[in-house]
Amino acid sequence: MNHQDTHDDHRPDTTIRILLADDHALVRRGVRLILDREPDLEVVAEAGDGAEAIAMARTHDVDLAVLDIAMPRLTGLQAARELTALKPGLRILMLTMHDNEQYLFQALKAGAGGYVLKSVADRDLVAACRAAMRDEPFLYPGAVTALIRNYLDRVRHGEEAPEQLLTPREEEVLKLVAEGHSSKEIAELLFISVKTVQRHRENLLHKLGLRDRLELTRYAIRAGLVEP
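Residues numbered from 1 in each chain as written. Predicted model: local features only at pLDDT ≥ 70, side-chain atom pairs only at ≥ 80, totals over all residues. Heavy atoms only, no water.

Identification of the chain as Regulator from Streptomyces caelestis is taken from an unreviewed UniProt entry.

If you want it as structure tokens, here you go:
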């Protein structure tokens, strides 16, 4: 019904060439049926394990690799790492039976842009392939929850370093600089000396690797400290 709708976003002449790797021939056949139904998707190579997947990627022109996580000889995760090094432009999706956080994080670290459960492949896989080609991550809802939970845990344990780059005082100075206040005004607002304000400004430029007030302002907008 929405077959046509989903395809309208894509130029029909750009077929996404797919390498499919799974050690179960039956699963490969099922997945291939799902993919080959779509006019913009075509499975051009099949592999029964990770090592074979790498060999296929060397000899075939492929845009996207769909890899089962648990395969003999080389797992999908090991193959993903190798493929990322071998063909940096290649997009990778992991296909798995396991709703497993550990696998999810390893897959993302290995260079995969998406994680699809086999149980709902008929629902998710086509969308995941297209998302991968747009360089958008594709995760099933449980995986999104796991990622957010992991992020929040790291924040609570103070491990989210980039966000903790500035001290609260530096953040206050940055906000006021971005709002256009002079050092003298900032000193009065924060009850500190002009000299201290200038030291904070220098620290900010140094820490953030920026050159001037304009760049500080842009950074403050990105960090959500001031409205654009």
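Further notes follow.
A. Representation of the environment of Ser193 within the structure. By secondary structure assignment, the location of Ser193 is in the loop between helix 9 (183-190) and helix 10 (194-208). Exposure remark for Ser193: the relative accessible area of 37% places this residue in the partly exposed category. Expressed as a C-alpha distance, the spacing of Ser193 and Ser183, which sit 10 residues apart in the sequence, is 9.0 Å. (Helix = DSSP H or I, 4+ residues; strand = E, 2+ residues; numbered from the N terminus. Buried < 20%, exposed > 50% of the residue type's maximum accessible area, 1.4 Å probe, protein only.)

B. Inspection of the pairing of strand 5 (residues 114-117) at higher detail. With burial as the criterion, each face of strand 5 is covered, one bearing Gly114 and Val116 and the other bearing Tyr115 and Leu117. Bridge count between strand 4 (residues 91-96) and strand 5: four bridges; the pairing is parallel. Across the sheet, residue Leu93 finds its bridge partner in strand 5, namely Gly114. As for the winding sense of the linkage, the β-α-β connection from strand 4 through helix 5 (residues 101-109) to strand 5 is right-handed. Taken together, strand 5, helix 6 (residues 121-133) and strand 6 (residues 138-139) form a β-α-β motif whose crossover is left-handed. (Pairing = 2+ DSSP bridges. Right-handed = clockwise from strand over helix to strand, strands pointing away.)

C. Highlighting the packing of helix 5 against helix 7 (residues 141-156). Look at helix 5 against helix 7: their axes get within 10 Å of each other, and the N-to-C directions meet at 80°. Here helix 7 runs roughly perpendicular to helix 5, going by the angle between their axes. Residues Glu101, Leu104, Phe105 and Leu108 of helix 5 lie in contact with helix 7, whose contacting residues are Ala143, Ala146, Leu147, Arg149 and Asn150. Residues that form the contact of helix 5 with helix 7 fall into these classes: six nonpolar, one polar and two charged. (Axes fitted to C-alpha atoms, helices over the stretch in contact; angles between N-to-C directions. Parallel < 35°, antiparallel > 145°, perpendicular 65-115°, else oblique. Contact = heavy atoms within 4.5 Å. Nonpolar A, V, L, I, M, F, W, Y, C, P; charged D, E, K, R; others polar.)

D. Examining the pairing of strand 4 more closely. Burial analysis of strand 4 places five of its six residues in the buried class, which makes it a mostly covered element. Taken together, the five bridges between strand 3 (residues 64-68) and strand 4 define a ladder with parallel strand orientation. If you follow Leu64 over to strand 4, its bridge partner there is Arg91. Note that the unit made of strand 3, helix 4 (residues 76-86) and strand 4 has a crossover that is right-handed.

E. Spotlight on the side chain of Arg201. By secondary structure assignment, the location of Arg201 is in helix 10. We note that Arg201 is buried and unpaired, the nearest opposite charge coming from Glu202 at a distance of 8.2 Å. In this structure Arg201 touches Val173, Val177, His181, Ser183 and Arg213, once residues within four positions along its chain are discounted. (Lys, Arg positive; Asp, Glu negative; His and termini not counted. Salt bridge = Lys/Arg side-chain N within 4 Å of Asp/Glu carboxyl O.)

F. Here's a closer look at the sheet that holds strand 3. The strand order across the open sheet formed by six strands is 2-1-3-4-5-6, and the pairing between neighbours is parallel. One side of each edge strand has no neighbouring strand; the edge strands of this open sheet are strand 2 (41-47) and strand 6. On top of the sheet, helix 2 (residues 25-36) reaches strand 1 (16-21), strand 2 and strand 4; it is set at about 160° to strand 2, its chief contact.

G. Seen up close, the pattern of salt bridges. All told, the structure shown has 19 salt bridges when counted by the stated rule. Across the pair Arg156 and Asp153 runs a salt bridge, and its minimum N-O distance is 3.4 Å. With Arg156 and Asp153 both in helix 7, this residue pair falls three residues apart, about one helical turn. Relative accessible area serves as the criterion here: at 60%, Arg156 is assigned to the exposed category. Overall, the relative accessible area of 33% leaves Asp153 in the partly exposed class. Of the charged contacts, one joins Arg169 and Glu172 as a salt bridge, the two residues approaching to 2.6 Å between their closest N and O atoms. One end of the pair is Arg169 and the other is Glu172, both in helix 8 (residues 168-178) and three residues apart, which spans about a single turn.

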